[in-house]
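Residue-level structural notes
Given next are the chains, with one letter for each unit.
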Amino acid sequence: MKTTKRIKTWETLDSKKVYPIAEAIEVLRSFTSKKFDEAFEIAVRLGIDVTKADQNIRGMLSLPHGTGKKVRVAVITADKSDEAKKAGAEVIGGEDLIDKIAGGFLEFDRVIATPDMMPKMSKVARVLGPKGLMPNPKLGTVTNNIAEAVATAKAGQIEYRAEKKGIIHAGLGKMSFKNEQLVENAVALIDQLKKVKPSSSKGQYILGISVSTTQGPGLKVTI
């Protein structure tokens, strides 16, 4: 495959150009830092109205190649601490952990809770909710199958959620990944979004897609 000529300055980029995603990844590599492994990120603008309950898209997706990020998992449970520990959860507790979170402790990336603990979780709903960390049965983060939930979270599962104006942002890996891996992760997300298209959404559904790195420019792409 022919390699795209590396571009040295952002000013040389055509802001109106729409790239095939594989080409966009090569262009972004021209701007990646030598000091750290930058994230590869995507933004998808959907033709939905998030103020309507049936169009407020949210879910979980296991990426084919993971995210390359170490996920710190917290498990809130009364009687499954041993299972959580064996599965690799970093933070484990019951009501004591809820109190700790209420006090400002947030050293984790995902929270999983057993159903019996949910009535007590109201104490931290205002802390976890705005950060997208509140356990939710629909997302598989309220479950008695702690081992599976922890393993899935650590294997590269991401949450996707439509923000204002119907835009979904997600991290799809690291720039140290092969191009093919990043493309396959992106395709997996787009395919998932197509599957969950609300029946009430009319007209064009996917309005635009752009990709970027942690410090690089955003490029419009087709997938």
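Please refer to the structure placed before this passage.
First, a word on scope: everything that follows refers to the structure included in this document.

Analysis parameters
Residues numbered from 1 in each chain as written. Predicted model: local features only at pLDDT ≥ 70, side-chain atom pairs only at ≥ 80, totals over all residues. Heavy atoms only, no water. Buried < 20%, exposed > 50% of the residue type's maximum accessible area, 1.4 Å probe, protein only. Helix = DSSP H or I, 4+ residues; strand = E, 2+ residues; numbered from the N terminus. Arc of directions from axis to C-beta. Contact = heavy atoms within 4.5 Å. Pairing = 2+ DSSP bridges. Axes fitted to C-alpha atoms, helices over the stretch in contact; angles between N-to-C directions. Salt bridge = Lys/Arg side-chain N within 4 Å of Asp/Glu carboxyl O. Right-handed = clockwise from strand over helix to strand, strands pointing away. Expected span 1.5 Å × (residues − 1).

Let us now look at helix α5 (residues 146-154). Taken together, the buried positions of α5 are Ile-146, Ala-149, Val-150 and Ala-153. Projection of α5 onto a plane perpendicular to its axis shows the buried side chains occupying an angular sector of 95 degrees, all on one side. On its buried side, α5 packs onto β4 (73-76), α2 (81-87), β6 (110-113) and β7 (157-161). Phi turns positive, to about 115 degrees, at Gly-156, one or two residues after α5.

The element strand β2 (residues 39-46) is largely enclosed, with a buried count of 6 among its 8 residues. Alignment of β2 against strand β8 (residues 167-174), held across 6 bridges, turns out to be antiparallel. Looking at the pairing, Ala-43 lines up with His-169 of β8. Here β2 runs beside strand β9 (residues 206-213); their pairing, made up of 7 bridges, is antiparallel. If you follow Val-44 over to β9, its bridge partner there is Ile-209.

Another aspect to go through is the sheet that holds β9. Pairing within the open sheet is mixed, and its 5 strands lie in the order β1-β10-β9-β2-β8. Of all strands in the sheet, those with a lone pairing partner are β1 (18-20) and β8, marking the two edges. With strand direction ignored, the average angle separating the axes of adjacent strands in the sheet is 35 degrees.

This part is about the pattern of salt bridges. Applying the stated criterion across every chain yields a total of 8 salt bridges. A salt bridge links Lys-69 to Asp-109, with the shortest nitrogen-to-oxygen separation between them at 4.0 Å. Highlighted residues: Lys-69 in the loop between β3 (58-62) and β4 and Asp-109 in the loop between α3 (95-102) and β6, separated in sequence by 40 residues. Put simply, Lys-154 and Glu-90 hold a salt bridge, and the shortest N to O gap is 2.6 Å. Pair noted here: Lys-154 is in helix α5 and Glu-90 is in the loop between α2 and β5 (91-93), with a separation of 64 residues, a long-range link. Residue class for Glu-90 comes out partly exposed when judged on its relative accessible area of 36%.

Where burial is concerned, the two faces of β4 agree: the one with Val-73 and Val-75 and the one with Ala-74 and Ile-76 are both buried. Pairing analysis gives 4 bridges linking β4 to β6, with the strands arranged parallel. Along β6, the bridge assignment pairs Ile-76 with Ala-113. In this region the chain leaves β4, passes through α2 and returns to the parallel neighbour β5; the handedness of that crossover is right-handed.

For helix α6 (residues 179-195), with 17 residues, the first-to-last C-alpha span of 24 Å sits near the 24 Å given by 1.5 Å per residue. Looking at the packing, one finds that the buried side of α6 touches α1 (21-29), β2, β3, β7, β8 and β9.

Take unusual backbone geometry next. A positive phi angle, close to 65 degrees, is found at Lys-165, a residue other than glycine. With respect to the element layout, Lys-165 can be found in the loop between β7 and β8.

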